[in-house]
Amino acid sequence: MRALFRAFLFLALACSPVQAQSPNAPPSVTSQQSRTLTLAQAEALALKNNPQITIGKLRALVASQYVREARSALLPTAYVSVTAVDANPGSRIAAGGLNNSVLFPRAAAGATVAQLITDFGRSTNLLSSAEYQAKAEDQNAAATTAQVILAVDQAFYNVLETKALVTVAKQTVEARQLLVDKIKALTDAKLKSDLDLSFSKVDLARGNLLLLEAKNNHETSLAGLSAILGYPDEQNFQLVEELATIAPPALDVSPLIQQALQQRPEVLALQQEVQSTQKFSSAEHDLWRPTVNALGVVGEAPVRDSHIPNWYGAVGVNINIPVFNGSLYNARAKAADLQSDVSRQKLADMRNNIARDVRNSWQDTNRAYERLSVTQQLREQASLAFDLAQARYNLGLGSIVEFSQADLQKTEADIADTDAKYQFQLSQIVLRYVTATPR
């Protein structure tokens, strides 16, 4: 769609004697008062307002609570109990459970404290798994931030480009209207043919259609930028374009690939997930190991039968040794091992994809950098050819077709040169993103 629009732009500007200059402020797209916005301000607004940033932070907070949950298994638990019993004194529970079968009327209160002595590493592995998962969520939040910043930068320059197209379209309509008026006057004076007038009117109609399309595309790009910045409605921003330094890209892509593999938050997140699944797999294998717990109780019974002392207290140790559970633990351990293999394969796939993305982005940056000088030369030569064709047409030595062709070539060269500058800046932005290069 974008390529078709540019092709239409080249065709619509074919006969314009006045060329597009550097873009000014775009027309108002909303009734709101416009506000200036730099790229740094746009990024700051996105970090503050974009819901995806908040979602990433909330997920990291949720993961930190899972760490606390896993750590609680290693800490003591205590609770207070209050019990009152009305029973037939001396009666016994004869069925339904293995417990103290003698029943006495009583009212008592006491405290119970339990502490895990050891489960031979299971709880520790679960805690480590939760900690690695929390670190992975932190890296995921950082990756979301980088993706939002990339989207903001791309939307920002998209608005600048569509703004330039609006300015070009307005200047084209104005210039072609002047050309129509001039040729009409010459036609009435029998100095130009009706063919020249028909050519100029067709070009004017194309210019008006181009202006409508350019305004619509500019409003669409503004709506996209507003949404990324966290606004539900379209904002009438006046973007401030900053001069960017043009530096040649790196000569070798290998260091960039290594930097990306070491710094990309997506890779770091998957590395933490691999560690988390490995620890969880170890914890699932530890289910077959015994667990040793200590238990202590103390309390007082102010209302009691004469056979019951007024206070009680006891300590004990409980050891549970798994024997058989229908292969439940075996299935859980196998599932955890397979999930760990899945995480390792996802990490390998991520590394391959990142290496490919860095290489492609580096090649795009090289091509965009080389295109700068080529389009500059093309623009200079097209300008020279246009000046010669315009002089020939004004002297009556050249035809309207010759002049239109020269004008089309210069217009294409001007737009290609402008587009090359934007594309080089965008390629640098993408390369910084895929290599996780700090600003």
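As the structure is a prediction and not an experimental result, all values here were calculated from the model.

A. The arrangement of the nonpolar core in detail. Core analysis: the largest hydrophobic core is formed by 40 residues, its most contacted members being Y157, L229, F237, L239 and V358. For this core, the secondary-structure elements that each account for two or more residues are α2 (39–49), α4 (122–188), α5 (194–228), β4 (237–239), α6 (254–263), α7 (265–285), α8 (328–394) and α9 (400–434). Per-element accounting of this core gives the leading share, eight residues, to α4. Setting aside anything within four residues of it in sequence, one finds F237 in contact with R35, L37, L222, L225, S226, L229 and Y231. Listed in part, the 15 residues of the second largest apolar core include V166, L179, L211 and A214.

B. Main features of the packing of aromatic side chains. Scanning the model with the defined rule gives five aromatic pairs in all. Where Y157 meets Y422, the ring centres are 6.4 Å apart and the plane angle is 70 degrees; that geometry is what we call edge-to-face. Taken together, the positions of Y157 in helix α4 and Y422 in helix α9 put the pair 265 residues apart, joining distant regions of the chain. Comparing Y157 with Y422 shows no difference in burial state: the two are buried. In textbook terms, an aromatic cluster arises when at least three aromatic residues are bridged by ring pairs, as seen for F156, Y157 and Y422. The ring of Y433 carries the charged tip of R264 above its face, separated from the ring centre by 5.0 Å.

C. Fine view of a nonpolar patch on the surface. A surface patch of nonpolar side chains, amounting to about 410 Å² of accessible area, comprises I117, V317, I319 and I321. By the element assignment, V317 lies in strand β6 (residues 311–320). By relative accessible area, which is 58% here, V317 ends up exposed.

D. Molecular detail of the pattern of salt bridges. Summed over all chains, the structure comprises eleven salt bridges. Its salt-bridge partner being R122, residue E284 comes within 3.1 Å of it at the nearest N-O pair. Here R122 lies in helix α4 and E284 lies in helix α7, a separation of 162 residues in the sequence. Note on E284: relative accessible area 3%, which makes it buried. Residue R122 is classed as buried on the basis of its relative accessible area, which comes to 17%. Ionic pairing is found between D357 and R356, a salt bridge with its closest N-O pair at 3.0 Å. Its relative accessible area of 26% is what places D357 among the partly exposed residues.

E. Region of the structure containing the environment of Q235. By secondary structure assignment, the location of Q235 is in the loop between α5 and β4. There is a polar contact of 3.3 Å between the side chain of Q235 and the backbone oxygen of D233.

F. View of helix α3 (residues 51–71). Counted at 1.5 Å a residue, the expected span for α3 with its 21 residues is 30 Å, and the 31 Å between its end C-alpha atoms agrees. For α3, the set of buried residues is I53, G56, A60, A63, V67 and A70. Down the axis of α3, the buried set is contained in an arc of 100 degrees. They therefore lie on one face. Structural note: α3 exposes L61, R68 and E69 on the side pointing more than 90 degrees away from its buried face. For α3, the side-chain oxygen to backbone nitrogen distance between the N-cap and Q52 is 2.9 Å, and the N-cap itself is N50.

G. Highlighting the sheet that holds β6. Spatial strand order, β2-β3-β5-β6: four strands in an open sheet with antiparallel pairing. Pairing within the sheet leaves two strands with one partner each, and these edge strands are β2 (77–85) and β6. Going across the sheet, the axis of each strand differs from the next one's by a mean of 20 degrees, ignoring polarity. Judged from the ten bridges that link them, strand β3 (residues 106–118) and strand β5 (residues 291–303) form a sheet pairing that is antiparallel. Opposite L116, over in β5, you have N293 as the bridge partner.

Parameters at a glance
Residues numbered from 1 in each chain as written. Predicted model: local features only at pLDDT ≥ 70, side-chain atom pairs only at ≥ 80, totals over all residues. Heavy atoms only, no water. Core = buried A, V, L, I, M, F, W, Y, C linked by side-chain atoms within 4.5 Å. Buried < 20%, exposed > 50% of the residue type's maximum accessible area, 1.4 Å probe, protein only. Helix = DSSP H or I, 4+ residues; strand = E, 2+ residues; numbered from the N terminus. Contact = heavy atoms within 4.5 Å. Phe/Tyr/Trp six-rings, centres within 6.5 Å; stacked < 30°, edge-to-face > 60°. Lys NZ or Arg CZ within 6 Å of the ring centre and 35° of its normal. Patch = residues over 30% accessible without salt bridge, like charges linked within 9 Å, V, L, I, M, F, W, Y side chains within 5 Å. Areas by Shrake-Rupley, 256 points an atom, 1.4 Å probe, with all protein chains shown as cover. Salt bridge = Lys/Arg side-chain N within 4 Å of Asp/Glu carboxyl O. Polar contact = N/O pair within 3.5 Å; in protein donor to acceptor, adjacent residues only side chain to side chain. Expected span 1.5 Å × (residues − 1). Arc of directions from axis to C-beta. Pairing = 2+ DSSP bridges. Axes fitted to C-alpha atoms, helices over the stretch in contact; angles between N-to-C directions.

By themselves these figures say nothing about function.
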